[in-house]
Amino acid sequence: QLVPELMPPTFHSVESARQYAAELMNAEDNAKLIWFVKAVNQNGGRAVKVTNELPEKIDTNEQIQLHVPRPLLFGESRVKFHVKSYQHISCDSDGNWNVYLYDMFYIATAPQPWSADDLSDEAQISSMRTHRLYVDDEFQKTWNIAKLVQSNIIKLMERAVQQGKLHRATTATADQTNDNKVKSS
């Protein structure tokens, strides 16, 4: 993973997930793990299976993600949520990556209150865009969402460039280096 400090542990094999779970169980003695089996080419909560048992196998286009044990919950209804952001990312002719962040965000919520005992999609998957966060929204200001999202996107892109996973869409020549820089606007 490029930014493991920002994402829950994610695995591309059942064996890796089992090994991680065994280490976690020994360290924390936590028997209530929730897993998401996700298709890597889907979004919006589609093609997600919620389970408290690891599958025997996964398809090559799937990954397994551990649920955050104590998720931050939204509103009086105490539902799971995540913040959706929109950005334009481009690379200029000098090889610099540019990030343009749209200043309105959305909160996507699960339809039902969260509980570790409820493995239904309605309690575990936050895909409904239920709130717009304009620039002056109290939630956006309290959490400083614009700055947080922007810094996390830059961190992700810088690591992708450093690890050779993000390249300019040009033909490389002998004198080109991978010194691409990331800047934001």
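Residues numbered from 1 in each chain as written. Predicted model: local features only at pLDDT ≥ 70, side-chain atom pairs only at ≥ 80, totals over all residues. Heavy atoms only, no water.

Chemist: Any details on the overall build of the protein chain? Residues and values, ideally.
Modeler: If you tally the helices and strands in the protein chain, you get 4 helices and 11 strands. Residues classed as buried in the protein chain amount to 34% of the 185 residues present. Sequence-distant contacts in the protein chain: of pairs separated by 6 or more residues, those separated by 24 or more amount to 58%. Surface accessibility of the protein chain: about 11,800 Å² in total, with carbon and sulfur atoms responsible for 50%. (Helix = DSSP H or I, 4+ residues; strand = E, 2+ residues; numbered from the N terminus. Buried < 20%, exposed > 50% of the residue type's maximum accessible area, 1.4 Å probe, protein only. Contact = heavy atoms within 4.5 Å. Areas by Shrake-Rupley, 256 points an atom, 1.4 Å probe, with all protein chains shown as cover.)

Chemist: Residues and numbers for the packing of aromatic side chains, please.
Modeler: A full pass over the atoms with the stated rule returns 7 aromatic pairs. Put simply, the rings of Phe74, Phe81, Phe139 and Trp143 touch in pairs and so form one group of aromatic residues. (Phe/Tyr/Trp six-rings, centres within 6.5 Å; stacked < 30°, edge-to-face > 60°.)

Chemist: Tell me about the side chain of lysine 80, and name the residues and values.
Modeler: Along the polypeptide, lysine 80 turns up in strand β6 (residues 79-84). It is aspartate 121 that comes nearest to the buried, bridge-free lysine 80 among opposite-charge side chains, at 9.9 Å. Engagement of the side chain of lysine 80 in a polar contact is seen with the side chain of histidine 67, the distance being 3.1 Å. Among the polar contacts made by the side chain of lysine 80, one reaches the main-chain carbonyl oxygen of glutamine 124 at a distance of 2.7 Å. With near-sequence residues (within four places) excluded, lysine 80 lies in contact with Phe36, His67, Pro71, Leu73, Ala108, Thr109, Ala110, Trp114, Ala123, Gln124 and Ser126. (Lys, Arg positive; Asp, Glu negative; His and termini not counted. Salt bridge = Lys/Arg side-chain N within 4 Å of Asp/Glu carboxyl O. Polar contact = N/O pair within 3.5 Å; in protein donor to acceptor, adjacent residues only side chain to side chain.)

Chemist: Can you lay out the sheet that holds strand β1 (residues 10-11) for me, pointing to particular residues and giving the numbers?
Modeler: Spatially, 4 strands are ordered β1-β4-β2-β3 in an open sheet, and the strand pairing comes out antiparallel. Unpaired on one side and paired on the other, β1 and β3 (48-51) mark the two borders of the sheet. With 2 bridges joining them, β1 and strand β4 (residues 62-66) adopt antiparallel strand pairing. Note that in β4 the partner of phenylalanine 11 across the bridge is isoleucine 64. (Pairing = 2+ DSSP bridges.)

Chemist: Got a sec to walk through the pattern of salt bridges? Specific residues and values, please.
Modeler: Considering all chains together, one arrives at 4 salt bridges under this definition. Note that arginine 159 is salt-bridged to glutamate 5, the shortest N-O span being 2.7 Å. In this pair, arginine 159 sits in helix α4 (residues 145-162) while glutamate 5 sits in the segment before β1, placing the two residues 154 residues apart along the sequence. Note that lysine 49 is salt-bridged to glutamate 62, the shortest N-O span being 3.1 Å. Residue lysine 49 is located in strand β3, and its partner glutamate 62 is located in strand β4; the two are separated by 13 residues in the primary sequence. For glutamate 62, a relative accessible area of 11% translates into the label buried. Bridged by salt links that share partners, the residues Glu5, Lys155 and Arg159 form one connected network.

Chemist: Just give me the short version of the nonpolar core, but keep the residues and values in it.
Modeler: Core analysis: the largest hydrophobic core is formed by 14 residues, its most contacted members being Phe105, Val149 and Ile153. The set of elements that each furnish at least two residues to this core consists of β6, β8 (97-101), β9 (105-109) and α4. The element contributing the most residues to this core is α4, with 5 residues. Once residues lying within four places of it in the same chain are set aside, the contact partners of phenylalanine 105 are Val83, Lys84, Ser85, His131, Arg132, Leu133, Gln140, Ile145, Ala146 and Val149. With 12 residues, the next largest nonpolar core counts Val14, Ala21, Leu54 and Ile58 among its residues. (Core = buried A, V, L, I, M, F, W, Y, C linked by side-chain atoms within 4.5 Å.)

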